[in-house]
Amino acid sequence: MDISKLTGLSGVSGVSSVGTLTGILGSNDKKTDGTLFDSILNTAIDNIKTTNSYLSDAENEEIKFALGETDNTHDLTIALQKASTALQYTVAIRDKLMESYREIMQIQI
């Protein structure tokens, strides 16, 4: 199955997950060893930075609302939902990575 045509899917950060994965795996690219790990690590770091940004934005909106600087609850609700969704996504990825690590460590050689 060719997954290169599936580019409509997007993750929390708005980057196409399937397109990024296809780019990382390099369907036709001639890449050296180590770039796959580098690409995955850089993508993970970018996703964590995006999650931190959403959490910071939500905290700033809460502070503005608490101080009475804004009466717009719509922006507050959107910021809180973005932060919650991004954090749930990040925790789910971490849990899957830890589960994979445990399975690898249990492999008998």
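Residues numbered from 1 in each chain as written. Predicted model: local features only at pLDDT ≥ 70, side-chain atom pairs only at ≥ 80, totals over all residues. Heavy atoms only, no water.

Q: How do you make sense of helix 3 (residues 73-105) when you look at a structure like this?
A: Structurally, the α-helix is built with 3.6 residues per turn, so residues lying three or four positions apart point the same way. Under the 1.5 Å per step criterion, the end-to-end length of helix 3 is 48 Å for 33 residues, consistent within 8% with the ideal 48 Å. Within the sequence span of helix 3, burial applies to Leu76, Ala79, Ala83 and Ala86. For helix 3, the elements touching its buried residues are helix 2 (35-67). Residue Asn72 occupies the N-cap position of helix 3, its side-chain oxygen lying 3.1 Å from the main-chain nitrogen of His74. (Helix = DSSP H or I, 4+ residues; strand = E, 2+ residues; numbered from the N terminus. Expected span 1.5 Å × (residues − 1). Buried < 20%, exposed > 50% of the residue type's maximum accessible area, 1.4 Å probe, protein only. Contact = heavy atoms within 4.5 Å. Polar contact = N/O pair within 3.5 Å; in protein donor to acceptor, adjacent residues only side chain to side chain.)

Q: How should I be thinking about the confidence of the model for the chain in this particular structure?
A: Atomic detail in the predicted coordinates should be set aside for any region of low pLDDT. Mean pLDDT over the chain stands at 79; residues scoring 70 or higher make up 70%. When mean pLDDT is compared element by element in the chain, helix 3 scores highest at 94, while helix 1 (residues 17-25) scores lowest at 46. Counting contacts from residues 1-25, a segment whose pLDDT is below 50, to residues more than four positions away or on other chains yields 30 contacts. (pLDDT = per-residue confidence, 0-100.)

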